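This is what each chain is made of:
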Amino acid sequence: MEIGKLFYPGFNRSFEELSSIEVKNENLIEIADFTDIEWVRSAIRELINEQNSDIEVTFKEPTEEDILQVSKIVGADKTPDEAKNEFNTGKRIIGIASGKGGVGKSTITSLLALAFSEQGKKVGILDADIWGFSIPKMLGAKFPPIPFNNRIFPSKINKLNVISMEYFVKQDEAVIWRGPMLHKAIEQFLYEVLWQDIDVLLIDMPPGTGDVSISLSQFLNFYETIILTTPQSNATVVAERAGIMSRKVNSSIIGVIENMSHIELGDSKLYPFGKGGGEVLSENLKVPLIGQLPLIEDVSKLSEKGRLNDFIKDDLFKNVLDAKKNYIDNLYKIYSALSYKRTLARGYSIIRDKKMNLVTSKTSAIKAHELSIEFSAVSYTHLTLPTSDLV
């Protein structure tokens, strides 16, 4: 590969695209140093020396014009309002929620991210569990996010883009925040992070229906939700409240995943947490049961070692791929349509183009209840929503 076509670490663009490389002679290359971070410089040297170990790499300070040009390329030139207005465009946003902690939201979020990535999607993960962050450790993060021009590039873990509080607090510190600070943190994670070119943003929600969940519903025009539970009724009753909240805000429920459903012992199954809770929850919420995932020892071991990405080689990973394909993908068009009632109640007209990009525009709730929505596979012409549903 030509050296100019290598990607500048963290920027998701090549040295050539950023006009950041200058060949001085056959053994000397100069790179614009957009980060002033030593580990980024070291990564650049390593990248280039992997191609040609004889090349010496030097760095120069970029001009203001250089920074402005790169900001336009990566989207760092947008105002906060522009970032907010365009945030839903071109990407799916899916929250993984539950009423309780400890049911496996971070694990399922990570596995779904790996499934989307394996099928060619560009994936972002927003670890919104401000107090109980764990995703970077599970996935084996090596490098922190990269600040650039008052914005921030998410951490790159293999092919995944990840932002989490884990990068901003020490391991022996507790996050002791109340509502306003939590609200601001979520706003920054959404709009100050450069979520470039991603197809899917998965949000690992904190337990319950508190400040973080409310903030997300206020910030996002539209998002989908997967409700996660374990089989016992103590978990499903609480998880149902998370589903009820989704119905009250601008989110449609894709379905229910029952985690830790059973332990496979040869040809038999052991049910340590009871049986059937996921089915009951899906019936109560009137949504599909996406899947029942067993307790898998390798998932726990790989997570502890920061090597969850290795699970994609396991035969059992096919269960995750099947759940994603059969429900999350195929039901996307139908269940996103159901959310229009809630979003229209806020006075938004919604149309999806042929690439399924979400387009929203402010209008009156009265006029918005008659839409023409064209899908690539299913066409709804003049979808009329009862006025009572807009209340």
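Caption draft 1: Seen up close, the packing of helix α4 (residues 105-118) against helix α11 (residues 317-329). Here α4 crosses α11 at 75 degrees, and the two axes come no closer than 9 Å. Comparing their axes, α11 and α4 come out roughly perpendicular. Along the contact surface, α4 presents Leu111, Leu112, Leu114, Ala115, Phe116 and Glu118, while α11 presents Phe317, Val320, Leu321, Lys324, Ile328 and Asp329. For the contact of α4 with α11, the residue count by class is 9 nonpolar, no polar and 3 charged.

Caption draft 2: Spatial organisation of the side chain of Glu258. Position of Glu258 among the secondary structure elements: in strand β12 (residues 251-258). Separated by 3.3 Å, the side chains of Glu258 and Gln292 make a polar contact. Those residues within four positions of Glu258 in sequence are excluded, and the remaining contacts are Thr229, Thr230, Pro231, Gly276, Gly277, Gly278, Glu279, Leu289, Gly291, Gln292 and Leu293.

Caption draft 3: Up close: the environment of Phe133. Tracing the backbone through its elements, the reader meets Phe133 in the loop between β5 (123-127) and α5 (135-139). What makes Phe133 buried here is its relative accessible area of 16%.

Caption draft 4: Expanded view of the confidence of the model for the chain. Confidence in the prediction of the chain, expressed as mean pLDDT, is 81, and 82% of residues score 70 or more. Per-element averaging of pLDDT across the chain places strand β19 (residues 379-384) at the bottom with 27 and strand β3 (residues 56-60) at the top with 96.

Caption draft 5: Local environment of unusual backbone geometry. Here Asn12, not a glycine, exhibits a phi torsion of approximately 60 degrees, which is positive. By the secondary structure assignment, Asn12 is in the segment before β1 (21-25). The phi angle at Asn150 is positive, at roughly 65 degrees, despite the residue not being glycine. Its location among the elements puts Asn150 in the loop between β6 (146-148) and β7 (151-153).

Caption draft 6: The pattern of salt bridges, seen in detail. Tallied over the entire structure, the rule returns 16 salt bridges. Of the charged contacts in the structure, one is a salt bridge between Arg41 and Asp33, with a shortest N-O distance of 2.6 Å. Neither Arg41 nor Asp33 differs from the other in exposure class; each is buried. Salt-bridge contacts for Lys84 lead to Glu187; the nearest nitrogen and oxygen are separated by 2.8 Å. Placement of the pair is Lys84 in helix α3 (residues 80-85) and Glu187 in helix α6 (residues 179-191), with a sequence separation of 103 residues. The exposure class of Glu187 is buried, given its relative accessible area of 16%.

Caption draft 7: Quick look at helix α1 (residues 38-51). For α1, with 14 residues, the first-to-last C-alpha span of 20 Å sits near the 20 Å given by 1.5 Å per residue. Turning to α1, its buried residues are Val40, Arg41, Ala43, Ile44 and Ile48. Taken end-on, α1 shows its buried residues confined to a sector of 160 degrees, consistent with a single buried face. Residues of α1 that are exposed and point more than 90 degrees away from the buried face comprise Glu46 and Glu50. Where α1 is buried, its residues touch β2 (28-32), β3 and β6.

Criteria and cut-off values
- All residue numbers refer to position in the chain's written sequence, counted from 1.
- Residues qualify for local features only when their pLDDT is at least 70, as the model is predicted, and side-chain atom pairs are given and counted only at 80 or more; totals for whole chains, interfaces and linings, by contrast, use all residues.
- To obtain the side-chain values, all non-hydrogen atoms of the structure were used and water was disregarded.
- Here an angle of 0 to 180 degrees is reported between the N-to-C directions of two axes, which are lines fitted to C-alpha atoms, with helices fitted over the stretch in contact.
- Strands are runs of DSSP state E lasting at least 2 residues, helices are runs of H or I lasting at least 4, and numbering of each runs from the N terminus.
- For classification purposes, angles smaller than 35 degrees are called roughly parallel, those larger than 145 roughly antiparallel, those between 65 and 115 roughly perpendicular, and all remaining angles oblique.
- We call two residues contacting when some pair of their heavy atoms lies within 4.5 Å.
- Basically, the charged four are Asp, Glu, Lys and Arg, the nonpolar ten are Ala, Val, Leu, Ile, Met, Phe, Trp, Tyr, Cys and Pro, and anything else, Gly included, counts as polar.
- Pairs of N or O atoms are called polar contacts if they sit within 3.5 Å, as long as, within protein, a hydrogen donor faces a hydrogen acceptor (for residues adjacent in sequence, only side-chain-to-side-chain pairs).
- Throughout, exposure labels follow a simple rule: accessible area from a 1.4 Å probe, protein chains only, divided by the maximum for the residue type, with under 20% read as buried, over 50% as exposed, and the rest as partly exposed.
- Scored from 0 to 100, pLDDT reflects the predictor's confidence in each residue.
- Any carboxyl oxygen of Asp or Glu that lies within 4 Å of a side-chain nitrogen of Lys or Arg is treated as forming a salt bridge with it.
- A helix is expected to reach a length of 1.5 Å times the quantity of its residues less one.
- Along the arc lie the directions from the helix axis toward the C-beta atoms.

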